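Observations on the model geometry
Residue strings, one per chain:
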Amino acid sequence: MRLTLEEVLEQVYRGLEDPEFQEALRRAVSNAEGKHLEKLRSHPYLSALARQVREAKEEVINNIDTYVRKTMESLRRVKATPYLAETASEAREIVYRIVGGEGPVVMSKSMVAEEVGLRDYLSSRGVEIWETDLGQLLVQLEHGKPMHTTAPAIHLTVDRAARLVRDRLGVDLPPKPRPEDIVAAVRVFLREKFVRAKAGISGANAIAADTGAVVLVENEGNIRLVTGLPEKHIVIAGIDKILPNLDIALAEALVQAAYAGLYPPTYIDVIAGPSNTADIEHHRVYGAHGPRELHVVLVDNGRLNAARDPDLRDQLRCIRCGRCQWECPVWQQTANLWGGPVYGGPMGVLWTAITLGKEAGAGLAMLCLNCGRCDAVCPVEIPLSRLIRNLKKYYAEK
Amino acid sequence: MLDVRSILSILASNIKATGLPVPAPREALYSWSEGLSIPKDGDTLLYTGGLYQLLPYIEVYSSQLAKLEDKRSGGLLLRAAGRFSSLSRIAGAIVRPSKREVEESKRILQSIVRLLDAAGVRVAYRREVDGYSGVLLYDMGLDDDFKKHFAQVARSLAQTGARTIVTVDPHTTHVLRSVARRLGLLPELEVKTYLELLAENIDNINFKKGRAGTAAIHDSCLYARRENVIAQPRLLLERAGYQILEPRRSGRLTYCCGGPIESIAPKLSSRIALARIGELADTGAERIATMCPICLANLKRASRTAGGPPVVDLSLLLAERLEA
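Residues numbered from 1 in each chain as written. Chains lettered and ligands numbered in written order. Predicted model: local features only at pLDDT ≥ 70, side-chain atom pairs only at ≥ 80, totals over all residues. Heavy atoms only, no water.

1. A few points about the domain arrangement of chain B
Residues and elements named next belong to chain B. So the rule is basically this: By convention here, the domain bounds are inherited from an automatic or database domain assignment. Whether two residues are in contact is decided by their heavy atoms: any pair within 4.5 Å suffices. We define buried area as the total accessible area lost by two parts upon association, computed with a 1.4 Å probe and summed across both.
The assigned domain composition of chain B is domain 1 (4-199) and domain 2 (207-319). The centre of domain 1, based on its C-alpha atoms, is set 21 Å off from the matching centre of domain 2. With 34 residues of domain 1 in contact, the opposing surface of domain 2 contributes 30 residues. Of the roughly 2900 Å² buried between domain 1 and domain 2 on both sides combined, carbon and sulfur atoms contribute 66%. Sorting the residues of domain 1 by area buried against domain 2 places Pro170, His174 and Leu195 first, and these three jointly supply 19% of that buried surface.

Okay, structure coming up:
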């Protein structure tokens, strides 16, 4: 779905006129802005790690075909099944075939899943599907879009969140619910879905080309359940998530968490193949307590082209920490209402251009102040404002 | 809802026709220098880039656009005007800037010359060379129009024989020093802001003794993040006797005034300006110091709306502290 600049402005202005939206956003921003700076001060090694991640990402972008091939080989070596989906619809079809129409399916928050429209697609094919990240579940319940990369429901006040949970899940909440009440109710509601789930779908923060290890970082603990309980675990991730080695993939998770403002992260998961045991006669059996099958769907959807496009290639370094969003003066007023149908903020404009074409990003770029605050905070030094200004050319010259 | 492509085509056709982004008489650019005895030739040439002088006109122009934004017919009118490149003529008849704003922009430029003089920096000025840098074209992605326009600017600057160009605002500074250089459009000319020159020669400046009150400093995004002009305004204000109060977001992480998207999304722009003026006012400062004409106009308007302290250009704050 592409939006014209005029349509985006209409949405943005609706957001500006919505006092509840503005209030929730104001509260979230005041808690999140500048958060990474404390983390960098108290853990000085993070800046050095960020530089290493930047260099490693460059290495992969420069040799993207080689690294995709290498990653797929490594995945096969650890008994995972790799796929390369060229387009969003191909990615959806692959996942549907793996799921085999059988639900329920549990998902942990993945922006690439949003990008390819996975949840809605599986649902339209009759698969019962549940988001398990609390914020993302709220987004699913309101049929909306994530309003921040790592904090998808920041646009909802506690009252609005409670209304959604009550009305859509039929869950009982006290008359004046606190965030704690909502968390507890959702925990109970989802527990049974986790246990019954036939498949779990996660994203990936990083995938190590040398080992085929998938690295995931989280705080809620839902990823552990999504990736650990069902028989099948499906990873869906952009090829930009590939890093050369496992050490740097782990570094990426640390840097991502710190710049997202949550450090140390509560959990980091490393998943290299399906669960297995060789406890009886040293005979390797796949499918122990965790999944028996691990499928990794690598998504291109414009990324290979972007790697060769000087206007977009730097954006492939993005580690989706959402820091540029928290710091952007426009985003602080609009959240992801500005940035594209899926992504939002400064990084969103560019991801929209990568995944939907430069023209789709170009109209959005016109709302950028070009103030460069995003550039100043990006952990991997993406010159966001310069790339966005370059996109304005595509708007202006048409 | 504004039709953005129309705004772009109006902007481009204005510049193509008159060299200026908005309908304004050419003397608006240099009338500030009348009566001043500034030499025409010299190694160091003042190039104002016209932003301070044009801002009163841009203000009126964009408030007219903002009004159109709320009218259903507005988009149509704009689209038609854009198509026939005729809004410049329509608007030419109706852009009457506020006299006070025009006078203020003159005082700012006159103060800058006085300050440079007090610092012992001798600048030359040529009204026929001074003009608009084309920065808006570049900012809006109209690269071809920008390159064409700027080629003329670069040619006339080179013909003066000056070796250093002195700029007075962050946008012109950035275009001359970084953008034009990156695009290979400017010959080997040194570009310095008047703030850098003043700071380099600060010991020559004779400021009044005693305290001058408090000033909250609003860093320009381009100065702070692209041109490394952060320390200079602070040094100058301090030497002039001001107590500097830093807002929550300052220096390299300074916060935009919202100005750059004012003509595209006025409501969004003004929300950003209000957020910024709020934190500047929170410092409790008597006055707010800006160093960019766009910040000045935008924050002044926001401060009026929010009942905040006066917003004053840095040059005026410094000049009022010069010994007579």
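On we go from here.
2. Points about the domain arrangement of chain A
All names here are of chain A. Rules: Whenever a carboxyl oxygen of Asp or Glu lies within 4 Å of a side-chain nitrogen of Lys or Arg, that contact is scored as a salt bridge.
When its domains are assigned, chain A resolves into domain 1 (5-32 + 309-396) and domain 2 (45-276 + 284-301). Taken over C-alpha atoms, the centre of domain 1 sits 23 Å from the centre of domain 2. In this assembly, 34 residues from domain 1 lie in contact with 34 residues from domain 2. Carbon and sulfur atoms make up 54% of the surface buried where domain 1 meets domain 2, a total of about 3100 Å² over both sides. Across the pair Asp240 and Arg320 runs a salt bridge, and its minimum N-O distance is 3.5 Å.

3. Side note on the sheet that holds strand E6 (residues 214-218) of chain A
Residues and elements named next belong to chain A. For the record, the criterion: When DSSP finds two or more bridges between a pair of strands, those strands are recorded as paired. Working definition: helices are DSSP H or I runs of at least four residues, strands are E runs of at least two. Numbering for both runs from the N terminus. For every element, the axis is a line fit to its C-alpha atoms; helices are fit only across the contacting stretch, and the angle between N-to-C directions ranges from 0 to 180 degrees.
Reading across the sheet, the four strands line up as E8-E5-E6-E9 and stay open at both edges, with mixed pairing between neighbours. A strand with exactly one partner marks an edge of an open sheet, and here the two such strands are strand E8 (242-243) and strand E9 (267-271). Where helix H13 (residues 246-260) meets the sheet, its contacts fall on strand E5 (206-208), E6, E8 and E9, and the angle it forms with E6 comes to roughly 20°.

4. Notes on the pattern of salt bridges
Basically, it comes down to this: The buried label applies to any residue whose accessible area, calculated with a 1.4 Å probe on protein chains only, is under 20% of its type's maximum; exposed applies above 50%, and partly exposed to all values in between.
Tallying each qualifying case throughout the model produces 53 salt bridges over all chains. A salt bridge links A:Asp65 to A:Arg308, with the nearest nitrogen and oxygen atoms 2.5 Å apart. Placement of A:Asp65 in helix H5 (residues 64-77) and of A:Arg308 in the loop between helix H14 (303-307) and helix H15 (323-327) is noted, with a sequence separation of 243 residues between them. For B:Arg249, the salt bridge is made with B:Glu279, and the minimal N-O distance between the two is 2.7 Å. On the criterion of sequence distance, the pair formed by B:Arg249 in the loop between strand E5 (243-245) and helix H13 (266-281) and B:Glu279 in helix H13 is long-range, its members being 30 residues apart. Across this residue pair, the class does not change: B:Arg249 and B:Glu279 are buried. Salt bridges linked by common partners bring A:Glu33, A:Arg323, A:Glu327, A:Arg373, B:Arg248, B:Arg249, B:Arg276 and B:Glu279 together as one network.

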